[in-house]
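# Secondary and tertiary structure notes
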Amino acid sequence: MMTDLVVLGFSDKEKAESVLRLSKDLSKQELLDLEDAALAWRTPDGKIHVRQSFSPTAHGAAGGALWGTLFGMLFLMPVFGAAVGAGTGALAGKLTDVGINDAFIKEIAGTLEPGRAAVFALVRRSTPDRVREALRPFGPTVLRTSLTKEREEELIATLQQ
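Attention in this report is confined to the structure presented alongside it. These numbers were taken from a predicted model, which means no experiment stands behind them.

## Comments concerning the pattern of salt bridges
All told, the structure shown has nine salt bridges when counted by the stated rule. Of the charged contacts in the structure, one is a salt bridge between E35 and R124, with a shortest N-O distance of 4.0 Å. Here E35, found in strand β2 (residues 32-42), pairs with R124, found in strand β4 (residues 117-126); they are 89 residues apart in sequence, far enough to count as distant. We note a salt bridge from R132 to E154, for which the minimum N-O separation is 3.1 Å. Residue R132 is found in helix α5 (residues 128-135), and its partner E154 is found in helix α6 (residues 149-160); the two are separated by 22 residues along the sequence. A residue is classified by how much of its surface remains accessible, and R132, at 13% relative accessible area, is buried. Judged by relative accessible area, which is 42%, E154 ranks as partly exposed.

## Observations regarding helix α1 (residues 13-28)
The terminal C-alpha atoms of α1, which comprises 16 residues, lie 23 Å apart, in line with the 22 Å expected from a rise of 1.5 Å per residue. Turning to α1, the residues buried within the fold contact β1 (4-10), β2, β3 (48-52), β4 and α5. Its side-chain oxygen 3.2 Å from the backbone nitrogen of E14, D12 forms the N-cap of α1. Looking one or two residues beyond α1, the residue adopting positive phi is E30, at roughly 60°.

The rules behind each value
- Residues numbered from 1 in each chain as written.
- Predicted model: local features only at pLDDT ≥ 70, side-chain atom pairs only at ≥ 80, totals over all residues.
- Heavy atoms only, no water.
- Salt bridge = Lys/Arg side-chain N within 4 Å of Asp/Glu carboxyl O.
- Helix = DSSP H or I, 4+ residues; strand = E, 2+ residues; numbered from the N terminus.
- Buried < 20%, exposed > 50% of the residue type's maximum accessible area, 1.4 Å probe, protein only.
- Expected span 1.5 Å × (residues − 1).
- Contact = heavy atoms within 4.5 Å.
- Polar contact = N/O pair within 3.5 Å; in protein donor to acceptor, adjacent residues only side chain to side chain.

So this is what it looks like as structure tokens:
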């Protein structure tokens, strides 16, 4: 399955956070399926902050705890199994860098003007016309995409209407 990267710029962090919340609503409506998302913003004093939506470490720990508990039950030590499983899962999750490249996020965040923010979205599947319509009130600007030139131009035109 092909995923597309879309990076949208916003005038402030609050709008970008609202778009991340909107993406969860769109996901519940099955209009948007994100593999990963992140928020980056630059404070008025110039400091850059990044918040990832997906934590491979936490995801690995949860999965590891589940499998560890199941294996622990087989040997009548579920608590020990859960602890070992969570530890191994967390380690595996930390070593597995999936989704949007952290260096790329920091590179783009470094280009933001103070007070501005960006949302990074790795999109598995979407209903483009409905998603673009939902985004329009937030006034995003397209900073980067992995879309074809025609699809990127279409996205920019729709968001600017």
